[in-house]
Amino acid sequence: MVTMARDPETVLHAYGVVPAADCVDLPATGIDGSPVELVEVGELAALVGRLDAVRYGEDVWRARAQDPDWLAPFALQHQEVLGAVVTACDVLPFRIPGMYDDEGRVRGMLEAERDLLTRGLESVRGHVEWGVQVFLIGTTEDEPVPRPRTGRDYLRSRSEQAGSRQRGVEERQRTVLDAYGAIAEASTHSVANPPQDPALSKRREPMLLNSSHLVPRTREAPFFAVVAQVHADLAGSGMAVEVSGPWPPYSFAHLATEELQDQP
Amino acid sequence: MTVQHIGSGEELALVDLVDRLIGGGVVVHGDVVLSLAGVDLVYLGLRLVLAPAHEVVGR
């Protein structure tokens, strides 16, 4: 184990923690091209990168955290490392910022949080996270209505159309709930999050489901079989499934500290 | 039509990452703790990353 030299001109960024012994195939570079290195304490290892303190010291964070052109690339590079790591070994991703003055401070964190991090890694052992979203990409055909002849006919036909639309919405909700349930059965843990605000997601199609699933690496094929089946089932109702991942288990990092309740 | 698979690498959707960074991940306090009157500045910054009027410049 190589001890990193103290260097006041640099700070260490911690991407997350991995089991010390298991993670041998690290990505070569991370943020700003810095090497991705390990700081080990016992069975835990923090994934770190040594960064220029002039660029990532506390005063810079304070000044630039509100600048999307500064923060977004940092977040993307943070994820790039974690996304590469999770394909090969278990990892608990950290939130950002995860800056430490030096290696000693990283060790101190690992020692202080050892129980939490150990439990957290154990709860995601052998798993990755997959995101599942369902979008409404086409409306179901409205039944052609006979042309109304009287005012009363017109009002009745409008009322019938509204009722039919409402029943369609309710049926869609049941279908999506069933779909979530089927996918959750193929997962160890699942969570349904609020659908994303279209203004933020830039998607025009309504989002009907926004869920995350913790799936064993060894059960990936059956998980995707269920997802494909759901996608085929939903197609007739004008809905489509999209999957993202594999993610490091951001959405399940709290398992160590909270009692997780799966959504019904 | 098959299920569309969006990876988590270069092609990820920024909103999916930001949601995960805001709502998930382990919180261990490092040496940079940013809050102003109890508000997490990075949380605010991440929300701004998705602001409708803003287009993120590539890294």
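Residues numbered from 1 in each chain as written. Chains lettered and ligands numbered in written order. Predicted model: local features only at pLDDT ≥ 70, side-chain atom pairs only at ≥ 80, totals over all residues. Heavy atoms only, no water.

Undergrad: What exactly am I supposed to notice about the overall build of chain B here?
TA: Helix and strand counts for chain B come out as 2 helices and 3 strands. Beginning at the N terminus, the succession of helices and strands in chain B can be written as β-α-β-β-α. Looking at chain B as a whole, 44% of its 59 residues are labelled buried. (Helix = DSSP H or I, 4+ residues; strand = E, 2+ residues; numbered from the N terminus. Buried < 20%, exposed > 50% of the residue type's maximum accessible area, 1.4 Å probe, protein only.)

Undergrad: Teacher, can you tell me more about the pattern of salt bridges here?
TA: Between side chains of opposite charge, a pair can form when the charged atoms approach closely. According to the stated counting rule, one finds 11 salt bridges over all chains in the structure shown. A:Glu103 is the partner of A:Arg107 in a salt bridge, and the nearest nitrogen-oxygen pair spans 2.6 Å. Note that A:Arg107 and A:Glu103 are positioned in helix H4 (residues 103–112) at a spacing of 4 residues, about one turn of the helix. A salt bridge links B:Asp31 to A:Arg105, with the shortest nitrogen-to-oxygen separation between them at 2.4 Å. Separated into two different chains, B:Asp31 in the loop between helix H1 (14–23) and strand S2 (35–36) and A:Arg105 in helix H4 make up a pair that spans both. For B:Asp31, a relative accessible area of 15% corresponds to the buried category. Classification of A:Arg105 as partly exposed rests on a relative accessible area of 46%. (Salt bridge = Lys/Arg side-chain N within 4 Å of Asp/Glu carboxyl O.)

Undergrad: I would appreciate a short explanation of the interface of chain B and chain A in the present structure.
TA: Often the size quoted for an interface is simply the accessible area lost on bringing the parts together. With 47 residues of chain B at the interface, the matching set in chain A holds 57 residues. Counting each side, the surface lost to burial between chain B and chain A is near 4600 Å², with a carbon and sulfur contribution of 62%. Linking chain B to chain A there are 2 salt bridges. The tally of links between chain B and chain A comes to 15 residue pairs in polar contact (both at pLDDT 80 or more). (Contact = heavy atoms within 4.5 Å. Buried area = accessible area lost by both parts, 1.4 Å probe. Polar contact = N/O pair within 3.5 Å; in protein donor to acceptor, adjacent residues only side chain to side chain.)

Undergrad: Would you mind going over the sheet that holds strand S9 (residues 239–247) of chain A with me for this structure?
TA: One open sheet accounts for 5 strands, arranged S7(A)-S8(A)-S6(A)-S9(A)-S1(B); its pairing is mixed. In this open sheet, the two strands that pair with only one neighbour each are strand S7 (189–192) of chain A together with strand S1 (4–6) of chain B. Between one strand axis and the next, the sheet turns by 20 degrees as a mean value, whatever way the strands run. By the bridge criterion, 4 bridges tie S7(A) to strand S8 (residues 207–216) of chain A in an arrangement that is antiparallel. (Pairing = 2+ DSSP bridges. Axes fitted to C-alpha atoms, helices over the stretch in contact; angles between N-to-C directions.)

Undergrad: Could you clarify how one ought to interpret the pairing of strand S2 (residues 36–41) of chain A in this entry?
TA: Two faces, one strand: in a regular strand the side chains alternate between the faces of the sheet. Residue and element names in this part refer to chain A. Bridging between S2 and strand S3 (residues 44–52) involves 6 bridges; their strand directions are antiparallel. Of the residues in S3, the one forming a bridge with Glu37 is Val48. Here S2 folds back onto S3 in antiparallel fashion, the turn holding 2 residues, of which Gly42 has a positive phi close to 60 degrees.

Undergrad: Before we go on, may I ask you to explain the pairing of strand S1 (residues 10–19) of chain A in this structure?
TA: All names here are of chain A. Across the 10 residues of S1, 10 count as buried, placing the element largely inside the fold. Taken together, the 9 bridges between S1 and S3 define a ladder with antiparallel strand orientation. Its bridge partner lying in S3, Val18 is registered against Ala45. Pairing between S1 and strand S5 (residues 99–100): 2 bridges, direction antiparallel. Across the sheet, His13 pairs through a bridge with Met99, a residue of S5.

Undergrad: Explain H4(A) to me, please; I cannot follow it from the model alone.
TA: For an α-helix the count is 3.6 residues per turn, leaving residues at separations of three or four pointing the same way. Residues and elements named next belong to chain A. Taken together, the buried positions of H4 are Glu103, Val106, Met109 and Leu110. The buried residues of H4 occupy an angular sector of 115 degrees when projected down its axis, which confines them to one face. Turned more than 90 degrees off the buried face of H4, the exposed positions are Glu111 and Ala112. Turning to H4, the residues buried within the fold contact S1, S2, S3, S5 and helix H5 (114–123). (Arc of directions from axis to C-beta.)

Undergrad: In this structure, what is going on with the confidence of the model for chain A? I would like to understand it.
TA: Atom-level detail of predicted coordinates should not be read off regions where pLDDT is low. Of all residues in chain A, 91% attain a pLDDT of 70 or more, and the chain-wide mean is 90. Taken together, the stretch residues 259–264 of chain A has pLDDT below 50 and engages in 12 contacts with residues farther than four places along the chain or on a different chain. (pLDDT = per-residue confidence, 0-100.)

Undergrad: Before we go on, may I ask you to explain the packing of helix H3 (residues 68–86) of chain A against H1(B) in this structure?
TA: The angle between the axes and the distance between the axes are what describe a pair of packed helices. Axis separation between H3(A) and H1(B) bottoms out at 11 Å; the angle between their running directions is 85 degrees. By the angle between their directions, the pair H3(A) and H1(B) is classed as roughly perpendicular. Where H3(A) approaches H1(B), its residues A:Ala75, A:Leu76, A:His78 and A:Gln79 are matched on the opposing element by B:Leu14, B:Leu17 and B:Leu21. Classifying every residue of the contact of H3(A) with H1(B) gives 5 nonpolar, 2 polar and no charged. (Parallel < 35°, antiparallel > 145°, perpendicular 65-115°, else oblique. Nonpolar A, V, L, I, M, F, W, Y, C, P; charged D, E, K, R; others polar.)

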